[in-house]
Amino acid sequence: MVELDWDNVPADLCPVCKTDKYLSPEIQFKINPECYHKICDACVDRIFALGPHPCPYPNCEKVLRRNKFKAQVFDDLLVEKECDIRRRVLSVYNKKEDDFQTSVMYDQYLEEIEEIVYNLLHRVDIERTEERLKQYSIENKQSIELNNAQREQEYEKFIKIQKLERQHKSERRKLTSEIAEEEKKLKDLEKQQILDQLQNAASDKDPQLILEQIRANMLEKTNRLRDQLQKLNEKFDALKDAVRNNLNPDENMNKNKSKIPFTPFNGDRLVNLPFKVSEYKDPFHESIVSDVEYTAAGYNIQDFYIRSLNEAFTGLECFVEVEKSTVPAL
C-alpha cells in the first residue's frame with residue numbers, strides 16, 4: 001500500500017478517508033483557521049461530533065472545534081489565510097483617513113497594519129505581534145466598537161441603495177420602452193395604419209382633422225409617460241437621500257408598490273433591440289436551407305438568426321427575485 005504524502009495532498013482527495021471527487025462528486029472540503037488543513041465534511045462530522053479533537057494531520061498539534069470549520073473559498077490556501085488574517089486585523093485597526101491629522105500619520109498607520117498582517121501570515125515573531133494586536137484592542141476598545149458599528153451601518157446603507165438602484169432601473173427601463181414605442185407610432189402616422197383609419201372614417205370629416213386628433217392623443221400619452229419617468233427619477237433620488245440620511249424609506253416604498261401581477265423579466269419585448277442583425281453566413285445552415293424541402297415551406301435563415309439572438313438577450317439585466325420583492329403578495 002502506497003503511503004500518502006500529507007504535504008502534497010491532491011486537491012480532490014480527502015487525506016483522512018481517502019475519498020475523492022471522482023467516486024463521490026458530492027463531497028465538500030472544509031478548513032479550520034487554526035491550521036488550514038483540508039478535510040472533507042463527512043470526516044469533520046465524524047471526528048468532531050463529540051467535541052474538540054486534535055487535527056488528524058500528522059505532526060499537527062492543534063486542537064480543532066467543529067464550529068470553526070468553514071468552506072474553502074480560494075484554491076490557494078495562502079490567499080485564504082491572508083484574507084482571514086486581514087479581516088481579523090482590520091476589525092481592530094479600523095480607523096479611517098479622516099481620523100488622522102495628516103496623511104503621513106495615516107500612511108504610517110497603514111504600514112503598521114501591513115506589518116502585522118505579514119508577521120501573522122508568515123509566522124514572524126508571532127507572540128510579540130499577537131501581544132501588540134491585543135494591547136491595541138484594549139487601548140482603543142471604545143473607538144473600535146464605534147467604528148465597527150458605523151461600518152455596519154454604512155454597509156446596510158450600501159445594500160439598500162443597491163436594491164433601490166435595481167428597482168429604479170427596472171421601472172425606468174419599462175417606462176423608456178413605452179415612450180420609445182409611442183414615439184415610433186408618431187413617426188408611423190403616415191403609414192398604412194393611419195390610411196386604414198382615414199378610409200374607414202366618415203366622408204363628411206376632414207382627413208387632416210382626424211390626423212391631427214390622432215397625433216394629439218399620441219403626444220398626450222407620450223408626455224404623460226415622460227412625466228412618470230421624471231417623477232420616478234425624483235422619487236429614486238429622494239429615497240437614496242433618505243437612506244444616506246438614516247431615514248426609513250420603507251413606508252413610501254410600500255405606498256408606491258406596483259399593483260399589477262408579477263410577470264417574469266418585467267416584460268421582455270423590447271422596442272429597441274440591444275443587438276443588430278447583420279449579414280452572417282453559416283455554411284452549415286446555408287447548405288441545409290438550400291434544400292427545396294425547407295425553402296418550399298417559406299423557411300428563412302435570417303429568422304433563425306434573429307430568434308437565436310432574441311433567446312440569448314432575453315432576461316439580461318433582469319433580477320427575478322428583486323422584481324418579486326417589488327410586487328405585493330396576492
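What you see is a predicted model, and the numbers here were worked out from it, not measured in a lab.

Cut-offs applied
- Residues numbered from 1 in each chain as written.
- Predicted model: local features only at pLDDT ≥ 70, side-chain atom pairs only at ≥ 80, totals over all residues.
- Heavy atoms only, no water.
- Helix = DSSP H or I, 4+ residues; strand = E, 2+ residues; numbered from the N terminus.
- Buried < 20%, exposed > 50% of the residue type's maximum accessible area, 1.4 Å probe, protein only.
- Contact = heavy atoms within 4.5 Å.
- Areas by Shrake-Rupley, 256 points an atom, 1.4 Å probe, with all protein chains shown as cover.
- pLDDT = per-residue confidence, 0-100.
- Axes fitted to C-alpha atoms, helices over the stretch in contact; angles between N-to-C directions.
- Parallel < 35°, antiparallel > 145°, perpendicular 65-115°, else oblique.
- Left-handed = near helix turned anticlockwise from the far one by under 90°.
- Nonpolar A, V, L, I, M, F, W, Y, C, P; charged D, E, K, R; others polar.
- Pairing = 2+ DSSP bridges.
- Salt bridge = Lys/Arg side-chain N within 4 Å of Asp/Glu carboxyl O.
- 1 Å grid on protein atoms, 1.4 Å probe; cavity = no way out; pocket = protein on both sides within 12 Å on 5 of 7 lines; lining within 4 Å.
- Points joined across faces, edges and corners; volume = space filled by probe spheres on them.
- Patch = residues over 30% accessible without salt bridge, like charges linked within 9 Å, V, L, I, M, F, W, Y side chains within 5 Å.

Trainee: Let's hear about the overall build of the protein: which residues, and what values?
Mentor: When you go through the protein residue by residue, the secondary structure sums to 12 helices and five strands. A total of 330 residues make up the protein; the buried ones form 25% of that total. Of all intrachain contacts in the protein linking residues separated by at least 6 positions in sequence, the fraction that spans at least 24 positions is 59%. Total accessible area on the protein stands at roughly 23,800 Å², and carbon and sulfur atoms take up 51% of it.

Trainee: Quick one: what's the story with the confidence of the model for the protein, residue by residue and with numbers?
Mentor: With 71% of its residues at a pLDDT of at least 70, the protein reaches an overall mean of 76. Averaged pLDDT values for the elements of the protein fall to 48 in helix H8 (residues 250–255) and rise to 91 in helix H3 (residues 103–122). Per-residue pLDDT stays below 50 along residues 251–262; that stretch engages in 16 contacts with residues further than four places along the chain or on separate chains.

Trainee: Break down the packing of helix H2 (residues 77–90) against H3 for me, with residues and values.
Mentor: At a closest axis distance of 10 Å, the pairing of H2 and H3 adopts a crossing angle of 135°. Here H2 lies oblique to H3, going by the angle between them. Every pair of crossing elements has a handedness; the one defined by H2 and H3 is right-handed. In contact with Leu 78, Lys 81, Glu 82, Ile 85, Arg 86, Arg 88, Val 89 and Leu 90 of H2, H3 contributes Ile 113, Glu 114, Ile 116, Val 117, Leu 120 and Leu 121. Taken together, the residues of the contact of H2 with H3 break down into nine nonpolar, no polar and five charged.

Trainee: Give me the lowdown on unusual backbone geometry, citing residues and values where you can.
Mentor: A negative phi holds for most residues other than glycine; trans holds for most peptide bonds. With a phi angle near 65°, Asn 59 is a residue other than glycine that sits in the positive phi range. Looking at the secondary structure, you find Asn 59 in the loop between strand E3 (53–54) and strand E4 (63–64). At Arg 123, a position not held by glycine, the phi torsion is positive, near 55°.

Trainee: Can you lay out the sheet that holds strand E2 (residues 39–40) for me, pointing to particular residues and giving the numbers?
Mentor: As summarised here, the arrangement of the three strands in space is E2-E1-E5, forming an open sheet in which the pairing is antiparallel. Each edge of the open sheet carries a strand with a single partner, namely E2 and strand E5 (70–71). Where strand E1 (residues 29–31) meets E5, two bridges bridge the pair, whose relative direction is antiparallel. Bridging from a neighbouring strand, Ile 31 pairs with Lys 70 of E5.

Trainee: Describe the pattern of salt bridges, listing the residues and the values that go with them.
Mentor: It is possible for side chains bearing opposite charge to pair when their charged atoms get close. This structure, assessed with the given rule, holds 11 salt bridges. Here Lys 70 makes a salt bridge to Asp 84, at a shortest N to O gap of 2.7 Å. In this pair, Lys 70 sits in strand E5 while Asp 84 sits in helix H2, placing the two residues 14 residues apart along the sequence. Taking the relative accessible area as the measure of exposure, Lys 70 reaches 25% and is therefore partly exposed. The exposure class of Asp 84 is buried, given its relative accessible area of 12%. One salt-bridge network, in which partners are shared between bridges, spans Lys 70, Glu 80, Asp 84 and Arg 87.

Trainee: Lay out the layout of surface pockets in plain terms, naming residues and giving numbers.
Mentor: Size it by volume and the largest pocket reaches roughly 1,100 Å³. Looking at the largest pocket, it is lined by 34 residues, and the ones nearest its centre are Asn 32, Pro 33, Cys 35, Tyr 36 and His 37. Sorting the residues of the lining of the largest pocket by element identifies H2 and helix H4 (126–139) as the ones contributing at least two each. With five residues, the top contributor of residues to the lining of the largest pocket is H2. Looking at the lining of the largest pocket residue by residue, the class counts come to 17 nonpolar, five polar and 12 charged.

Trainee: I'd love a proper account of a nonpolar patch on the surface, names of residues and values included.
Mentor: On the surface, a cluster of nonpolar side chains totalling about 240 Å² of accessible area is made up of Val 73, Phe 74 and Val 79. Inspection of the secondary structure assignment puts Phe 74 in the loop between E5 and H2. Residue classification places Phe 74 among the partly exposed residues on the basis of a relative accessible area of 34%.

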